[in-house]
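So you can see what is in the structure, the chains are spelled out below.
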Amino acid sequence: EAGVAQSPRYKIIEKRQSVAFWCNPISGHATLYWYQQILGQGPKLLIQFQNNGVVDDSQLPKDRFSAERLKGVDSTLKIQPAKLEDSAVYLCASSLTFRNTEAFFGQGTRLTVV
Amino acid sequence: QQQVKQSPQSLIVQKGGISIINCAYENTAFDYFPWYQQFPGKGPALLIAIRPDVSEKKEGRFTISFNKSAKQFSLHIMDSQPGDSATYFCAASNGGATNKLIFGTGTLLAVQP
């Protein structure tokens, strides 16, 4: 089966610009996660969707980050405006349901803010 | 209380040796403890996972040891191979309403031939 697809793979932007990342989860997976992985650290959950509803966005910096999953399938994560400290790999993951604990990760988008 | 502490930060092992990575947690509500393996440029991939009702789980060369009373768990890689060179993350979640994974800080493993 196809894995979690993310695009773009790399993105370089200047601070205060905006950027968007796209994720297509594994077919049939109801739960979708966006994680932020700063260099040298473990992934940190930003937002979790169950179908098209938000389950957890407690660590999402809502003044600059937004995410949507309108049709319960693919999702976009947006940063506007970007800060230098947003430089990280943004990982999308999906699982069959939120009670099915194995999460499958995409390759990530490496964002560099200069 | 939501943290998972992982050590060591990096590890060098000779081919054929045993690699051991340790993690500790505080939240007793955690009930699922996976280990993820991440190669450069790739996303993390589930390696092996354990629940607190067992003290050990083995899959091939990989073993998780779990000590519920000490709130610690560890990954043992037997007969380590150069292909095992990667970053390993422990994680924990409490299932429940969100099943959010809390990751450790990672261990960079290098297996020398």
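Think of each chain on its own: its residues are numbered from 1, step by step along the sequence as written. Written order determines the labels here, with chains lettered from A and ligands numbered from 1. Confidence filtering applies because this is a predicted model: local features only for residues at pLDDT of at least 70, side-chain atom pairs given and counted only at 80 or more, and all residues used for totals across whole chains, interfaces and linings. Only hydrogens and water are removed before side-chain values are computed, so all heavy atoms of the structure are retained for them.

Focus on the confidence of the model for chain B
Low pLDDT marks regions whose predicted coordinates should not be analysed in detail. Counting all residues, the mean pLDDT for chain B is 93, and 96% of those residues have values of 70 or more. Per-element averaging of pLDDT across chain B places strand β10 (residues 102–103) of chain B at the bottom with 92 and strand β8 (residues 72–77) of chain B at the top with 98. pLDDT is a per-residue confidence score from the predictor, ranging from 0 to 100. To qualify as a helix, a DSSP run of H or I must reach at least 4 residues; to qualify as a strand, a run of E must reach at least 2; elements of each kind are numbered from the N terminus.

Comments concerning the sheet that holds strand β6 (residues 56–59) of chain B
Residue and element names in this part refer to chain B. In this description, strands pair whenever DSSP reports at least two bridges between them. With respect to topology, five strands assemble into an open sheet ordered β1-β3-β8-β7-β6, the strand pairing being antiparallel. Edge strands, defined here as strands with exactly one partner in the open sheet, are β1 (4–7) and β6. Averaged over all pairs of adjacent strands, the angle between their axes in this sheet comes to 15°, without regard to strand direction. Judged from the six bridges that link them, strand β3 (residues 19–25) and β8 form a sheet pairing that is antiparallel. The partner of Ile-20 across the bridge, within β8, is His-76. Lines fitted to C-alpha atoms define the axes here, with helix axes fitted over just the stretch in contact, and angles between the N-to-C directions of these axes take values from 0 to 180 degrees.

Remarks on the pattern of salt bridges
In what follows, salt bridge is the name for a side-chain nitrogen of Lys or Arg lying within 4 Å of a carboxyl oxygen of Asp or Glu. Under the definition given, this model contains six salt bridges over all chains. Close ionic contact of Asp57(A) with Lys62(A) constitutes a salt bridge, the shortest N to O distance being 3.7 Å. Relative accessible area serves as the criterion here: at 26%, Asp57(A) is assigned to the partly exposed category. With a closest N to O distance of 3.7 Å, Lys71(B) and Glu26(B) form a salt bridge. On the criterion of sequence distance, the pair formed by Lys71(B) in the loop between β7 (62–67) and β8 and Glu26(B) in the loop between β3 and β4 (33–38) is long-range, its members being 45 residues apart. In this scheme, a residue with accessible area under 20% of its type's maximum is buried, one over 50% is exposed, and one in between is partly exposed, where area comes from a 1.4 Å probe on protein chains only. Given the relative accessible area of 48%, Glu26(B) is considered partly exposed.

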